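Fold and geometry: a report
The residues making up each chain are set out below.
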Amino acid sequence: MSGTVARQSHRTAESRRELERMAVDLLTPLRLRPLFKPAIWGGTRLRPWLGETPSNEPTGEAWVLSDHGDSHSEIIEGSAAGKTLRQLMERMPERLLGQSFATTKRFPLLLKFIDARLPLSVQVHPDDSRAKHHEPHGPGIGKTEAWVMLAAEPDARLYAGLVPGATTAQLREAIAVGHLEPLLHVMTPKPGDCLFLKAGTVHAIGAGTMLFEIQQSSDITYRLFDWNRVDPKTGKARDLHVEKGLACVDDTLGPCVPVFPLPHPARETLIDGEYFSLDRWNTDQLFRVGRVGECRMIVGLEGLAEMAWDDRTFAVRPGDVWLIPAETGVCEVIPRGPVTLLECGCGQNPDN
Ligand SMILES: [Zn+2]
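What you see is a predicted model, and the numbers here were worked out from it, not measured in a lab.

**Structural notes on the overall build of the chain**
The secondary structure content of the chain amounts to seven helices and 24 strands. Computed over C-alpha atoms, the radius of gyration of the chain comes to 22 Å, within 12% of the 20 Å expected from 2.2 N^0.38 for 352 residues, which places it in the range of a compact globule. Taking all 352 residues of the chain together, the buried fraction comes to 41%. Of the contacts formed within the chain by residues at least 6 apart in sequence, a portion of 74% connects residues at least 24 apart.

**Remarks on the sheet that holds strand E1 (residues 30–32)**
By definition, the strands of a sheet pair up through backbone hydrogen bonds, in either a parallel or an antiparallel sense. One open sheet holds the seven strands; their spatial order is E6-E1-E22-E19-E24-E17-E16, and the pairing between them is antiparallel. In the strand order of this sheet, the two ends are held by strand E6 (75–77) and strand E16 (267–272), each with one partner. Averaged over all neighbouring strand pairs, the angle between strand axes comes to 30°, with direction disregarded. Where strand E19 (residues 296–302) and strand E24 (residues 339–345) come together, six bridges link them in antiparallel fashion. Considered in E24, the bridge of Gly300 is made with Leu341.

**Focus on the pairing of E19**
The buried fraction of E19 is high, at six of seven residues. Strand direction decides the pairing type here: E19 and strand E22 (residues 321–324), joined by four bridges, are antiparallel. Bridge pairing in E22 places Met297 opposite Leu323.

**Brief notes about the domain arrangement of the chain**
Under the domain assignment used here, the chain contains domain 1 (30–248) and domain 2 (267–345). Centre-to-centre, using C-alpha coordinates, domain 1 lies 23 Å away from domain 2. Domain 1 puts 24 residues into the contact, and the matching count from domain 2 is 22 residues. Listing elements by their share of the side of domain 1 that touches domain 2, those giving two or more residues are E1, strand E3 (59–65), helix H4 (93–97), strand E7 (109–116), strand E9 (145–152), strand E12 (194–197) and strand E14 (209–216). Classifying every residue of the side of domain 1 that touches domain 2 by side-chain character gives 17 nonpolar, four polar and three charged.

**Examining the sheet that holds strand E23 (residues 331–335)**
Taking strand neighbours across the sheet as the criterion, the four strands line up as E18-E23-E20-E21 in an open arrangement whose pairing is antiparallel. The two strands at the open ends of the sheet, each matched to only one other strand, are strand E18 (287–289) and strand E21 (312–316). Direction aside, neighbouring strands of the sheet carry axes that sit 30° apart on average.

**Some remarks on unusual backbone geometry**
In this structure, Pro255 follows Gly254 across a cis peptide bond, with omega equal to -10°. You will see that Trp227, though not glycine, has its phi angle at about 60°, which is positive. Positive phi, normally seen in glycine, also occurs at Asp310, with a value near 55°. Within the secondary structure layout, Asp310 lies in the loop between strand E20 (305–309) and E21. Exposure remark for Asp310: the 9 C-beta atoms within 10 Å place this residue in the exposed category.

**Points about the nonpolar core**
In terms of nonpolar packing, the biggest core is built from 86 residues, with Leu111, Val299 and Trp322 touching the most fellow members. Composition of this core by domain shows at least three residues from each of domain 1 (30–248) and domain 2 (267–345). The residues contacting Trp322, other than those within four sequence positions of it, are Pro29, Leu30, Arg31, Met297, Ile298, Met307, Phe314 and Val316.

**Observations regarding the environment of Val163**
Note on placement: Val163 falls in the loop between strand E10 (158–162) and helix H6 (168–177). Given 13 C-beta atoms within a 10 Å radius, Val163 is considered partly exposed. Along the primary structure Val163 and Pro255 are separated by 92 residues, whereas in three dimensions their C-alpha atoms are 5.6 Å apart.

Rules behind the numbers
Residues numbered from 1 in each chain as written. Predicted model: local features only at pLDDT ≥ 70, side-chain atom pairs only at ≥ 80, totals over all residues. Helix = DSSP H or I, 4+ residues; strand = E, 2+ residues; numbered from the N terminus. Rg over C-alpha atoms; globule rule 2.2 N^0.38 Å. Buried ≥ 20, exposed ≤ 12 C-beta atoms within 10 Å, placed from the backbone. Contact = placed C-beta atoms within 7 Å. Pairing = 2+ DSSP bridges. Axes fitted to C-alpha atoms, helices over the stretch in contact; angles between N-to-C directions. Domains from an automatic or database assignment. Nonpolar A, V, L, I, M, F, W, Y, C, P; charged D, E, K, R; others polar. Core = buried A, V, L, I, M, F, W, Y, C linked by C-beta atoms within 7 Å.

Here it is as structure tokens:
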């Protein structure tokens, strides 16, 4: 009898502690501050679009959700405002990412906006096993990525994969003479196009494009060719990584074409993959995002909406990035007119 009482009071104390912890710390949706990255090929659109003071310095990328290297996103709205994503990952990874991610030391994804005034290098990224092999001191994380085009000039180009039949040996010869274009699959992108680029795909983002990128949290890029250009800051060509790059090329990957989602009145599933999922909402009607026990990310692209959770609401504007922690779960989105937003998930890789 006394044993039962003891067990009950123990349980009560435990649930009281649980309640106190929840009351203090319950995670709401969290909005993140972008981190801007200069690049010789960058433009000037990202800062003003994301509400920052414009700058003439070419800005290639805005890392809008990052726990990579020293680039730790800061939370600027929501219950953990003032903390960084890294701090939350150190203290409460399960609460952010869910049970299956209890041992994860870093956030599995990196989200970016990219503004290419000039073309990026022709490049390739390793998969996880090649990342471990070629960068033995790194975390061994490869880079599978996907793009959603936000804007494209009429003569914009994307290079996505090799043309059919092209081989790594031909690629090596073409790099030696500095003339790769005939081996690359070239396409003219339209706003809204989504391309999935598995690690090992030779690719380059061409000039006159602005896009959203979702990728594994890795920054390993092997440059195969840099269009014979010189960095105006240094007066030198940027380094190439031809041997490592060629060792990572999968010459069966390409041509890559835009994904073709099944038609749906409000939500298109663009990608449902090993490393990430990507859904696009396009509606003026109320809908629900997030899932209990899973971490989701919401990226505002067009239109205004409110996201409601518990008795709180949060604005979602174009360019806003919200992280919905696993413990936060489902939120309602109330559009104020037609909206387009992306919902990103962490994929099905058990190691993610
Ligand atoms: Zn890339």
